[in-house]
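Survey of secondary and tertiary structure
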Number of protein chains: 2
Amino acid sequence: MTNAILSSGLEDYLECIYNHINSTGGVKAIQISKDLNVSRASVTDALHRLAEKQYINYERYGIIVITEKGVKKAEEIIDKHTILTKFFEQVLELDIDEASENACRIEHVITEQAFNKLKLFMKEKKVLVKT
Amino acid sequence: MTNAILSSGLEDYLECIYNHINSTGGVKAIQISKDLNVSRASVTDALHRLAEKQYINYERYGIIVITEKGVKKAEEIIDKHTILTKFFEQVLELDIDEASENACRIEHVITEQAFNKLKLFMKEKKVLVKT
DNA sequence: TCACAATGTTAAACCAATCTAACAAATATA
DNA sequence: TATATTTGTTAGATTGGTTTAACATTGTGA
């Protein structure tokens with residue numbers, strides 16, 4: 001099963017890894033464990049699972065490197081996160097934390113089709129007419 | 001743990017049970033198993049868990065009865081489902097199946113606060129201004 | 001009413017994800 | 001450089017949810 005779909009959990013790990021690598025060039029397991037509020041053991045486990053599915057390259061005690069496939073996936077997730085957060089902030093007028101929290105939860109379950117429509121909606125800022 | 005929060009899975013069972021009871025007065029495990037695409041054994045298991053948390057009353061081979069608490073919870077879930085479906089249909093212009101599918105997925109994870117805002121948004125059909 | 005079909009339950013196994021505790025490796029510092 | 005601290009790994013247990021297969025109960029129609 002090296003190519004199975006990513007669970008919400010693994011998506012969170014990947015997103016976290018990508019964000020760190022993107023901003024500081026690297027990331028350590030302990031940081032991920034703090035960010036996601038899980039044990040170091042769970043991180044080790046997740047790294048194995050992500051590597052098995054070829055979203056990252058990684059060896060025992062080694063540095064974490066995202067693959068092409070991983071970057072693509074992470075960017076998709078982050079794109080969803082960004083648009084969803086904007087929707088909750090700008091359209092539903094939630095504060096940033098609540099908006100981000102909902103984005104986190106929904107980014108893993110919204111369908112591609114629905115997300116594309118939402119993206120369009122946010123770009124166009126379509127005007128609704130009261131019926 | 002008789003009062004723990006309901007997992008997405010259990011929410012689906014409860015929603016299914018409520019809908020059947022509401023429309024035909026009762027429901028059997030086999031129907032739930034068909035609706036949710038799980039084995040009869042999983043249904044039995046879910047009924048135990050729902051009963052333990054006091055969302056339903058139920059005994060071995062007996063009829064399934066929803067408690068006050070269960071009705072309240074089910075109606076909350078269905079309210080979310082309805083509003084979310086409308087949003088995806090009317091605002092994002094998805095077809096009914098895709099709208100419902102997304103509602104199903106999101107109804108279990110959206111926060112109360114976000115949902116209340118969405119509900120308001122759908123009621124007011126607020127006009128957005130392109131920035 | 002009795003046998004068969006349908007439905008429900010149980011046990012045992014499985015899987016993903018988590019944890020703790022013990023241990024190993026790497027890093028920092030005296 | 002030797003040791004102490006930090007970080008990472010492993011093993012083993014736990015939890016929730018699922019399955020299949022065997023069995024129990026209920027319901028139905030000859």
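Residues numbered from 1 in each chain as written. Chains lettered and ligands numbered in written order. Predicted model: local features only at pLDDT ≥ 70, side-chain atom pairs only at ≥ 80, totals over all residues. Heavy atoms only, no water.

**Examining the protein's contact with DNA strand C**
- Around DNA strand C, a shell composed of 20 residues is seen, among which Ser7, Ser42 and Arg49 of chain A together with Ile30 and Tyr58 of chain B lie nearest.
- In DNA strand C, the atoms that sit within 4 Å of the protein are 69% sugar and phosphate, with bases accounting for the remainder.
- Between DNA strand C and the protein, one listed contact pairs a phosphate oxygen with a side-chain N or O atom of Ser7 of chain A at 2.5 Å.
- In this structure, a phosphate oxygen belonging to DNA strand C sits 3.4 Å away from a side-chain N or O atom of His48 of chain B.
- Here the residues of the surface near DNA strand C are counted per class, giving nine nonpolar, six polar and five charged. (Near = heavy atom within 4 Å. Polar contact = N/O pair within 3.5 Å; in protein donor to acceptor, adjacent residues only side chain to side chain. Nonpolar A, V, L, I, M, F, W, Y, C, P; charged D, E, K, R; others polar.)

**Considerations on the side chain of Glu11 of chain B**
- Its place among the elements puts Glu11 of chain B in helix 1 (residues 8–24).
- The residues contacting Glu11 of chain B, other than those within four sequence positions of it, are Leu6, Lys73, Ile77, Glu107 and His108 of chain B. (Helix = DSSP H or I, 4+ residues; strand = E, 2+ residues; numbered from the N terminus. Contact = heavy atoms within 4.5 Å.)

**Regarding the domain arrangement of chain A**
Residues and elements named next belong to chain A.
- Looking at the assigned domains, one finds that chain A contains domain 1 (8–66) and domain 2 (74–124).
- Placing the centre of domain 1 and that of domain 2 at their C-alpha centroids yields a distance of 23 Å.
- Across the contact, seven residues belong to domain 1 and seven residues belong to domain 2.
- Summed over both sides, the interface between domain 1 and domain 2 buries roughly 700 Å², with carbon and sulfur atoms accounting for 59% of that surface.
- Ranking the residues of domain 1 by area buried against domain 2 places Glu11, Glu15 and Tyr18 at the top, with a combined share of 69%. (Domains from an automatic or database assignment. Buried area = accessible area lost by both parts, 1.4 Å probe.)

**Examining the nonpolar core**
- Ranked by size, the top nonpolar core spans 34 residues in total, and within it Phe87, Phe88 and Leu118 of chain A together with Phe87, Phe88 and Leu118 of chain B carry the most contacts.
- For this core, the secondary-structure elements that each account for two or more residues are helix 4 (68–91), helix 5 (96–106) and helix 6 (112–124) of chain A together with helix 4 (68–91), helix 5 (96–106) and helix 6 (112–124) of chain B.
- Residues within four places of Phe88 of chain A in sequence aside, it is in contact with Glu93, Leu94, Ala99, Asn102, Ala103 and Ile106 of chain A together with Ala114 of chain B. (Core = buried A, V, L, I, M, F, W, Y, C linked by side-chain atoms within 4.5 Å. Buried < 20%, exposed > 50% of the residue type's maximum accessible area, 1.4 Å probe, protein only.)

**A short note on the pattern of salt bridges**
- All chains considered together, the criterion is met by twelve salt bridges over all chains.
- The residue Glu11 of chain A makes a salt bridge to Lys73 of chain A at a minimum N-O spacing of 4.0 Å. Residue Glu11 of chain A is located in helix 1 (residues 8–24), and its partner Lys73 of chain A is located in helix 4; the two are separated by 62 residues in the primary sequence. Across the pair, exposure class does not vary: Glu11 of chain A and Lys73 of chain A are buried alike.
- Across the salt bridge formed by Asp79 of chain B and Lys119 of chain B, the nearest N and O atoms sit 2.6 Å from each other. Of this pair, Asp79 of chain B sits in helix 4 while Lys119 of chain B sits in helix 6; the two residues are 40 residues apart in sequence, bridging distant segments of the chain. (Salt bridge = Lys/Arg side-chain N within 4 Å of Asp/Glu carboxyl O.)

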